[in-house]
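Listed below are the residues making up each chain.
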Amino acid sequence: QQQVKQSPQSLIVQKGGISIINCAYENTAFDYFPWYQQFPGKGPALLIAIRPDVSEKKEGRFTISFNKSAKQFSLHIMDSQPGDSATYFCAASFRGQNFVFGPGTRLSVLP
Amino acid sequence: ETGVTQSPTHLIKTRGQQVTLRCSSQSGHNTVSWYQQALGQGPQFIFQYYREEENGRGNFPPRFSGLQFPNYSSELNVNALELDDSALYLCASSLAGGYTDTQYFGPGTRLTVL
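Residues numbered from 1 in each chain as written. Chains lettered and ligands numbered in written order. Predicted model: local features only at pLDDT ≥ 70, side-chain atom pairs only at ≥ 80, totals over all residues. Heavy atoms only, no water.

Engineer: Is there a simple way to think about the overall build of chain A in this case?
Structural biologist: Counting secondary structure elements, chain A contains zero helices and eleven strands. In chain A, the succession of helices and strands from N to C terminus is β-β-β-β-β-β-β-β-β-β-β. Rg of the C-alpha trace for chain A: 13 Å, near the compact-globule value of 13 Å for 111 residues, within the 12% margin. The principal-axis extent of the C-alpha atoms belonging to chain A is close to 40 × 30 × 20 Å. (Helix = DSSP H or I, 4+ residues; strand = E, 2+ residues; numbered from the N terminus. Rg over C-alpha atoms; globule rule 2.2 N^0.38 Å.)

Engineer: Is there a simple way to explain the overall build of chain B in this structure?
Structural biologist: Of regular secondary structure, chain B possesses zero helices and eleven strands. Scanning chain B from its N terminus toward the C terminus, one meets helices and strands in the order β-β-β-β-β-β-β-β-β-β-β. Its C-alpha atoms give chain B a radius of gyration of 13 Å, within 12% of the compact-globule value 13 Å for 114 residues. Counting only C-alpha atoms and orienting by the principal axes, one finds that chain B spans roughly 40 × 25 × 25 Å. Taking all 114 residues of chain B together, 48% fall into the buried category. A separation threshold of at least 6 residues defines the contact pool for chain B, and within that pool the share at least 24 residues apart is 54%. Taken as a whole, chain B presents about 5,500 Å² of accessible surface, with 48% of it coming from carbon and sulfur. One finds the centroid of the 7 positive side-chain charges in chain B at a distance of 8 Å from the centroid of its 9 negative side-chain charges. (Buried < 20%, exposed > 50% of the residue type's maximum accessible area, 1.4 Å probe, protein only. Contact = heavy atoms within 4.5 Å. Areas by Shrake-Rupley, 256 points an atom, 1.4 Å probe, with all protein chains shown as cover. Lys, Arg positive; Asp, Glu negative; His and termini not counted. Charge placed at Lys NZ, Arg CZ, Asp CG, Glu CD.)

Engineer: What is the right way to look at the pattern of salt bridges in this model?
Structural biologist: Pairs can form between side chains of opposite charge whenever their charged atoms are close. Residues and elements named next belong to chain A. According to the stated counting rule, one finds six salt bridges over all chains in the structure shown. Residue E59 is joined to K57 by a salt bridge in which the shortest nitrogen-to-oxygen separation is 3.6 Å. Residue class for E59 comes out partly exposed when judged on its relative accessible area of 36%. When the shortest N-O distance is used, the salt bridge between R61 and D84 registers 2.8 Å. (Salt bridge = Lys/Arg side-chain N within 4 Å of Asp/Glu carboxyl O.)

Engineer: I would appreciate a short explanation of unusual backbone geometry in the present structure.
Structural biologist: Note: most peptide bonds trans; most residues except glycine with negative phi. Going from S7 of chain A to P8 of chain A, the amide bond is cis rather than trans, its omega being -5°. Tracing the sequence through the fold places P8 of chain A in the loop between β1 (4–7) and β2 (10–14). The omega angle of the peptide bond from S7 of chain B to P8 of chain B is -10°, so this bond is cis rather than trans. In this structure, D79 of chain A takes a positive phi of about 45° despite not being glycine. Of note, D79 of chain A is situated in the loop between β8 (72–77) and β9 (86–94).

Engineer: Can you help me understand the nonpolar core in this one?
Structural biologist: Across soluble globular proteins, nonpolar side chains have a tendency to be buried as a group. By size, the foremost hydrophobic cluster in this structure holds 25 residues, and its most contacted members are F33, W35, F73, L75 and Y88 of chain A. Secondary structure elements with two or more residues in this core: β2, β3 (19–25), β4 (33–38), β5 (45–50), β7 (62–67), β8, β9 and β11 (105–110) of chain A. For this core, the leading source of residues is β9 of chain A, giving four residues. Contact partners of F33 of chain A, with chain neighbours within four places excluded, come to Y25, I48, A49, I50, P52, I64, F66, F73, A91 and A92 of chain A. Ranked by size, the runner-up nonpolar core spans 20 residues in total, among them F60, L81, C91 and V113 of chain B. (Core = buried A, V, L, I, M, F, W, Y, C linked by side-chain atoms within 4.5 Å.)

Engineer: Could you clarify how one ought to interpret the pairing of β3 of chain A in this entry?
Structural biologist: A regular strand carries its side chains on alternate faces of the sheet. Residues and elements named next belong to chain A. Here β3 shows a buried face lined by S19, I21, C23 and Y25 and an unburied face lined by I20, N22 and A24. As defined by bridge partners, β3 adjoins β8 across six bridges and the pair is classed as antiparallel. Opposite N22, over in β8, you have S74 as the bridge partner. (Pairing = 2+ DSSP bridges.)

In structure tokens, the structure reads:
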């Protein structure tokens, strides 16, 4: 019940395209859903986050879509750039504790 | 504003030894969480400290222990190291009681157990 599933495992997108990563959770008590970006040899960096009372949140080229009834949320990266090539993790937590991370998606944006 | 820092950057130990990893939280943050990230996997929650008390623990054995100091910095101690303990250990700080639950990660300590 604590698991967060993430797909796809890897993704290749052309420059300027849209990258879409999906996550699903089981624990309905989760109340905070962040996305992190991680480059090799670095710690994860927060990209964008959402709470379940909102269905969509947009920050620049990054958008989270949240479907509470389906217990799913997704990250959309518009106008993908080679600099976006990294591993992306979705996560979920309850009251800021015990963050559960997905297994990650390795994104490659081709120039 | 100072970000999260961790030391050392890399560490090599042999099986059975003990190791201590250190973390300085971001300025103004009172909560520190530790994660283990094996190669090619997502971070796994080890435990969280808030005001020097353990405030939640993941599925890790007791040989993983920690401390938080009055300045909110923290240590992760691992006893009786096993080969499977080889991983990137991440520290994240946050402000409990704030509007967001945002965690800010440090660069990690790469532990290799031989």
